[in-house]
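Read off the chains here:
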Amino acid sequence: MKLMTKELEEEFRKVGQQEEVRDPIVVCKFFNPTGFGTWLATEYCSEDKTFFGYVSIFGDACDEWGNFSLKELEEITLPFKLGIERDIFFQPQRISKVMPKAV
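A short tour of the structure in this document, coming up. (Residues numbered from 1 in each chain as written. Predicted model: local features only at pLDDT ≥ 70, side-chain atom pairs only at ≥ 80, totals over all residues. Heavy atoms only, no water.)

**Description of unusual backbone geometry**
The backbone phi angle of Lys49 is positive, close to 55°, even though this residue is not glycine. Tracing the backbone shows Lys49 in the loop between β3 (38–45) and β4 (50–56). A relative accessible area of 46% means that Lys49 is categorised as partly exposed. Of note, Phe80 is a non-glycine position whose phi angle comes to about 65°, a positive value. Locating Phe80 in the fold gives a position in the loop between α2 (70–75) and β6 (85–86). (Helix = DSSP H or I, 4+ residues; strand = E, 2+ residues; numbered from the N terminus. Buried < 20%, exposed > 50% of the residue type's maximum accessible area, 1.4 Å probe, protein only.)

Laid out in structure tokens, this is it:
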């Protein structure tokens, strides 16, 4: 699966930087199809191909805001030769709707 598309990159450009926004818009969602792991991207830097967003690996107290790279997501190999996937049905929405505890 292609994790980043030109259309998605354009959507990130439209939304822009959100570091001052208390309830930012999640532009896209990546997930582990075999178990735990969700990456909710609110910003993307095309120069170094990194995202900023909320990462929930186990859904516990270790969930946090931070940077993660497209390359690292693409390199993750899961059981059955699967990889991280992008939720193609996800519609941009406020983080408070997707992950209320992140606000």
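**Quick notes on the pattern of salt bridges**
Overall, the coordinates contain five salt bridges when judged by the stated rule. Residues Lys29 and Asp87 are paired through a salt bridge, measuring 4.0 Å at the closest nitrogen-oxygen approach. Of the two residues, Lys29 sits in strand β2 (residues 28–31) while Asp87 sits in the loop between β6 and β7 (93–94), which places them 58 residues apart along the sequence. Lys71 is the salt-bridge partner of Glu75, the closest N and O atoms lying 3.7 Å from each other. Of the two residues, Glu75 and Lys71 are both situated in helix α2; the distance of four residues between them amounts to about one turn of the helix. Residue Glu75 shares its accessibility class with Lys71, and that shared class is exposed. Three or more residues joined by partner-sharing salt bridges are found here, namely Glu9, Glu10 and Arg13. (Salt bridge = Lys/Arg side-chain N within 4 Å of Asp/Glu carboxyl O.)

**Some details on a nonpolar patch on the surface**
Together, Met1, Ile88 and Phe89 line one region of the surface with nonpolar side chains, adding up to about 400 Å² of accessible area. Positionally, Ile88 belongs in the loop between β6 and β7. (Patch = residues over 30% accessible without salt bridge, like charges linked within 9 Å, V, L, I, M, F, W, Y side chains within 5 Å. Areas by Shrake-Rupley, 256 points an atom, 1.4 Å probe, with all protein chains shown as cover.)

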